[in-house]
Amino acid sequence: MPQISSFSEESIQKILAKLEGDSNVNCELPGNGWMHIEDNLPYLVVYRQVNEDTGIKKMINSGGAYLIIGNEDFEGYQRLLKALSHQLSSKFGSYMLFEMYLGSIESRTFYIKGPSQKISTTLELLKKELLKSSGLSEGITLSAEIKNQEDRQAEGDVPLISIKDAKDTGSLWVGLEIPPIFRDQEYHLYPLFFRKFRDFLVNSVQKAVYDFIRVQTTDPIKSYYALGRKSLKHKVFEIDKELADIEKSFQFLWLVSPVNIQNIKQTFFDSHYKKVLNYHYRLLPIDPDILKRKLYDLRIEDINDPAMSYIFHEKREELDQQITMLNERGSKNFFYNSIRLYKGINNEICEQAELILQDIAEQEKTHITDICDATYFQNLALQEFEYFKSQDDQFTSKVHLRDDVNIMMVSQGELYIPSDYEMSAKEAQALIQHEVGTHVLTYYNGGKQPLQQLSVGLADYDTLQEGLAVMAEYLIGGLTANRLRTLAGRVVAGKALMDGGDFQSIFRLLTQEKGFSAENAFNITSRIMQGGGFIKDIIYLKGLVLLRNYLQDGGAYEPLLAGKFSLKHLEVVKELTERQVLHPPKLRPSYLMNESAKKRLQLIRDGLPISQMINP
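Residues numbered from 1 in each chain as written. Predicted model: local features only at pLDDT ≥ 70, side-chain atom pairs only at ≥ 80, totals over all residues. Heavy atoms only, no water.

K.L.:
A description of the packing of helix H10 (residues 288–296) against helix H11 (residues 306–326) should follow, citing residues and the corresponding values.
P.N.:
Contact pair H10 / H11: the axes reach a minimum separation of 10 Å and the direction vectors enclose 175°. Classified by the angle between their axes, H10 and H11 sit roughly antiparallel to one another. Contacts from Pro-288, Leu-291, Lys-292, Leu-295 and Tyr-296 of H10 reach H11 at Arg-316, Leu-319, Asp-320, Ile-323 and Thr-324. (Axes fitted to C-alpha atoms, helices over the stretch in contact; angles between N-to-C directions. Helix = DSSP H or I, 4+ residues; strand = E, 2+ residues; numbered from the N terminus. Parallel < 35°, antiparallel > 145°, perpendicular 65-115°, else oblique. Contact = heavy atoms within 4.5 Å.)

K.L.:
Please give an account of empty space enclosed by the protein that cites residues and values.
P.N.:
Using the criterion set out here, one finds one cavity of 30 Å³ or more in the structure. If you add up the space inside the largest cavity, you get close to 130 Å³. Taken together, 14 residues line the largest cavity, and the ones lying closest to its centre are Val-45, Ile-60, Val-202, Val-205 and Gln-206. Where the lining of the largest cavity is concerned, the elements lending two or more residues are strand E3 (43–48), helix H2 (56–60) and helix H6 (191–216). (1 Å grid on protein atoms, 1.4 Å probe; cavity = no way out; pocket = protein on both sides within 12 Å on 5 of 7 lines; lining within 4 Å. Points joined across faces, edges and corners; volume = space filled by probe spheres on them.)

K.L.:
Go over the sheet that holds strand E5 (residues 95–102) with me, naming the residues and quoting the values.
P.N.:
If you walk across this open sheet you meet the eight strands as E1-E2-E4-E3-E5-E8-E6-E7, and the pairing is mixed. Across the chains shown, the open sheet's two edge strands, defined by having one partner strand only, are strand E1 (25–29) and strand E7 (143–147). Adjacent strand axes in the sheet meet at a mean angle of 15° when their direction is disregarded. Here five bridges tie E1 to strand E2 (residues 33–37), and the two strands are oriented antiparallel to one another. Looking at E2, one finds that Glu-28 is bridged to Trp-34. The strands that helix H1 (residues 9–22) touches are E1 and E2; relative to E1, the one it contacts most, it runs at about 165°. Lying over the sheet, H6 contacts E3, E5, strand E6 (109–113) and strand E8 (171–178), oriented at roughly 155° with respect to E5. (Pairing = 2+ DSSP bridges.)

K.L.:
Please give an account of the packing of aromatic side chains that cites residues and values.
P.N.:
If you walk through the whole model with that rule in mind, you get 26 aromatic pairs. Taking the centre distance of 5.8 Å and the plane angle of 35° together, the rings of Phe-268 and Phe-522 count as tilted. Taken together, the residues Phe-268 in helix H9 (residues 261–270) and Phe-522 in helix H20 (residues 518–529) connect sequence positions 254 residues apart. Measuring from centroid to centroid gives 4.9 Å for Tyr-273 and Phe-507, while their planes differ by 40°, and the two rings are tilted. Here Phe-507 lies in helix H19 (residues 503–513) and Tyr-273 lies in the loop between H9 and H10, a separation of 234 residues in the sequence. Its relative accessible area of 36% is what places Tyr-273 among the partly exposed residues. Given the relative accessible area of 3%, Phe-507 is considered buried. The ring of Tyr-111 is capped by Lys-147, whose NZ or CZ atom sits 4.4 Å from the centre of that ring. Of note, Arg-282 hangs over the ring of Trp-254, and the distance from its end group to the ring centre comes to 3.9 Å. (Phe/Tyr/Trp six-rings, centres within 6.5 Å; stacked < 30°, edge-to-face > 60°. Buried < 20%, exposed > 50% of the residue type's maximum accessible area, 1.4 Å probe, protein only. Lys NZ or Arg CZ within 6 Å of the ring centre and 35° of its normal.)

K.L.:
Please give an account of helix H15 (residues 425–447) that cites residues and values.
P.N.:
Here H15 contains 23 residues, and its C-alpha end-to-end distance of 31 Å stays within 8% of the 33 Å for a straight helix at 1.5 Å per residue. Maximal helix bending in H15 amounts to about 30°, located at Leu-441. The element H15 is extensively covered by neighbouring structure, given that 17 of its 23 residues are classed as buried. (Expected span 1.5 Å × (residues − 1). Bend = angle between axes of the 7 residues up to and from the residue.)

K.L.:
If you had to explain the nonpolar core to someone new, which residues and values would you point to?
P.N.:
The biggest cluster of nonpolar side chains holds 125 residues, and the ones touching the most others in it are Met-471, Leu-541 and Tyr-557. Examining the composition of this core, we find that nine residues originate from one element, helix H18 (residues 481–498), more than from any other. With sequence-adjacent residues up to four places away left out, Met-471 is seen in contact with Leu-544, Leu-547, Leu-551, Tyr-557, Ile-604 and Met-613. With 73 residues, the next largest nonpolar core counts Ile-4, Leu-67, Leu-130 and Ile-181 among its residues. (Core = buried A, V, L, I, M, F, W, Y, C linked by side-chain atoms within 4.5 Å.)

K.L.:
Can you lay out the packing of H18 against H19 for me, pointing to particular residues and giving the numbers?
P.N.:
It is at 10 Å that the axes of H18 and H19 come closest, and there the two elements cross at 140°. Between H18 and H19, the interaxial angle falls into the category oblique. The crossing of H18 and H19 is right-handed. Here Gly-489, Val-492, Ala-493, Ala-496 and Leu-497 of H18 come into contact with H19, specifically with Ile-506, Leu-509 and Leu-510. (Left-handed = near helix turned anticlockwise from the far one by under 90°.)

K.L.:
Explain the pattern of salt bridges to me, using residue names and the numbers behind them.
P.N.:
Applying the stated criterion across every chain yields a total of 33 salt bridges. The residue Glu-247 makes a salt bridge to Lys-315 at a minimum N-O spacing of 2.9 Å. One end of the pair, Glu-247, is in helix H7 (residues 234–248); the other, Lys-315, is in helix H11, with 68 residues separating them in the sequence. Each member of the pair, Glu-247 together with Lys-315, is buried. (Salt bridge = Lys/Arg side-chain N within 4 Å of Asp/Glu carboxyl O.)

Purely geometric stuff here, so don't read any function into it on its own.
Below you can see the structure in the form of structure tokens.
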């Protein structure tokens, strides 16, 4: 039902029948009006179009039930609202019409107009939420006032529905007059502030509407998040794909890793830790200028869904920083931008690193009979892949043994292993769950979501990813003393780099003061110095600390595996899940089936210190 050209009795009944049939309506109405209703929700946000762009249309069309009244046949819209109210209030016990409009240009007050004696908790909640607007910007103070009156529309407008008709149909009509502080006198929006104001207002209104639904109706909605749109607009998926395509056009970690790492190591050791060769990098497969132009051609500002707008703006900024860094490899600017990208190092992480290095001594390598090579690890990875296939036969991924990589890593769901890599059998089991059980798994789970961003990763996803990956090492029983010391050493090296240290001085700090072997110290130092100074490695311990704090606060573990995102995104992921935009994880890691892992997880929840997370 894409269009209703006129409000005849037949067309109104057609809309009602559509709602009765599949609970959804999305159609154009007379005079450029529009109606969108999902799941027969027991409320409708209403806006009357005016000639000027007031901004309200951009606010309400992210919701699950809204009506934009066109500039023709207002009486037809009134008949529609009366019929709609009668049908849905009969179904749910009550129905809310929530009209939004702008106040005068000088206004600094939200006026909430409605039957306060009937829905006092709902209106008081809305007032409370709107009073939080003072946090939107310094120097802006807004008030909120409840008006118990019959006229709930803008001054001079005809009522949407008479009070008598509202009573007869079992509906309630609430008006919200909004101070237009997000635009100037010529109706030009202040873009950045408008987005912030829009997100705040939508959130406030949805909380109040949810209170009404919870108290006054029989609709079993679990939270106000479910009031957002379940069906994302086509433009959202376009931008999601284009952002993902831009990220997939270059492999960031691959391009900042040196191709001559083996020569650098050999020369450094042969010169008794004095000579450091220049790092050489792969040629860029992209033109940074062209890619940035493509990035900023994306009209993210046209996305009115607050959750998606937030995700896209953050991701564009992150990609911008990464593309800039690729153009600056080998320079100080690369280092400065890496601090910005990974948010530096705070005191808590530094203190944890120092405690670990003080309390835990480096252990000698396992006896040679227990050493496993890269091929052994490759076979373990393939076994884990078979476990994933048993859960979803569409799973496909590959393992690559390479001479030109200095670190084991997952890139775009594929596992890369240095051909000369060696580790103990215990370390191999742990790293399988780090690389495959976390990074490959979340890439695949994210790829099964409607939004590709959950696969390539929301902005700042790395910290939680590495925290989960290290936690998996602990849960599987493979987090060794040397591994935990390495994570702490990376933080110490990162701090030394930020304090002005060079390759040799950081290497000496690790070997002479922190007790690292020359081999381990070189691995830590060479990674922190790549690109011109790359502090990504601090996020392993940082992510572990943040994840431990989250679990101790009662946070759920498995939902964190639904894709690649940050702890700061938990609310938006929860919202999109409750809106049925996102799905639960498709794959589960094998270690979560292990009873020993469950017991270790409980120890974390009970407060086990990080320095005691070593598995014997």
